[in-house]
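# Inside the fold
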Amino acid sequence: MRTLSALLMVLLLCSVQQVYSGNQDANTPAECCYGFLRVEIPLKRIASYRWTSSNCRQKAIILRTVIGKQWCADPDASWVKEHMKKLQS
């Protein structure tokens, strides 16, 4: 009887976990930013940039460095605006 109760409890926990993991982040884009860099990245280290999706809660710029790392930056920061202008030209 104990084994049956334990088995039912395990099955219940597994099914609850499946329900929550299936619906989690269904409408959230894969790359959103939840915080920004606090230091400036030198322009020579930045290879490219892009905006986060409009579905993200916070507008942000994702900076990609020449070694492939990605960092979130505040689009209103003056250094970010300057770097974006220079990368566009």
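Owing to the predicted nature of the structure, the values given are computational and were not obtained by experimental measurement.

## Structural notes on the side chain of His-83
By the secondary structure assignment, His-83 is in helix 2 (residues 78-88). Setting aside chain neighbours within four positions, we find His-83 in contact with Glu-40, Ile-41, Pro-42, Leu-43 and Ile-46.

## Overview of the pattern of salt bridges
Under the defined criterion, the tally for this structure stands at one salt bridge. Of the charged contacts, one joins Arg-50 and Glu-31 as a salt bridge, the two residues approaching to 1.9 Å between their closest N and O atoms. Of this pair, Arg-50 sits in strand 1 (residues 46-51) while Glu-31 sits in the loop between helix 1 (2-23) and strand 1, and the two are 19 residues apart along the sequence. Of the residues examined, Glu-31 reaches a relative accessible area of 37% and is grouped as partly exposed.

## Considering the state of the cysteines
Applying the stated criterion across every chain yields a total of two disulfides. Note on cysteine connectivity: Cys-32 is disulfide-linked to Cys-56, with sulfurs 2.0 Å apart. Across the S-S bond linking Cys-32 and Cys-56, the dihedral sits near -85°, which makes this disulfide left-handed. Placement of Cys-32 in the loop between helix 1 and strand 1 and of Cys-56 in the loop between strand 1 and strand 2 (61-65) is noted, with a sequence separation of 24 residues between them. In this pair, the class of Cys-32 matches that of Cys-56, namely buried. Note on cysteine connectivity: Cys-33 is disulfide-linked to Cys-72, with sulfurs 2.0 Å apart. Measuring handedness by torsion sign, the sulfur bridge of Cys-33 and Cys-72 sits at about -75° and is left-handed. Of this pair, Cys-33 sits in the loop between helix 1 and strand 1 while Cys-72 sits in strand 3 (residues 70-73); the two residues are 39 residues apart in sequence, bridging distant segments of the chain. Given a relative accessible area of 2%, Cys-33 falls into the buried group. In the protein chain, the bonded cysteines, numbered by position in the sequence, are linked as 1-3, 2-4.

## Describing the side chain of Thr-52
As for its position among the elements, Thr-52 is in the loop between strand 1 and strand 2. Taking the relative accessible area as the measure of exposure, Thr-52 reaches 11% and is therefore buried. In contact with Thr-52, not counting residues within four places along its chain, are Glu-31, Cys-32, Cys-33, Gln-58, Lys-59, Ala-60 and Ile-62.

Cut-off values and rules
Residues numbered from 1 in each chain as written. Predicted model: local features only at pLDDT ≥ 70, side-chain atom pairs only at ≥ 80, totals over all residues. Heavy atoms only, no water. Helix = DSSP H or I, 4+ residues; strand = E, 2+ residues; numbered from the N terminus. Contact = heavy atoms within 4.5 Å. Salt bridge = Lys/Arg side-chain N within 4 Å of Asp/Glu carboxyl O. Buried < 20%, exposed > 50% of the residue type's maximum accessible area, 1.4 Å probe, protein only. Disulfide = S-S within 2.5 Å.

The quantities given are spatial measurements derived from coordinates; they are silent on function.
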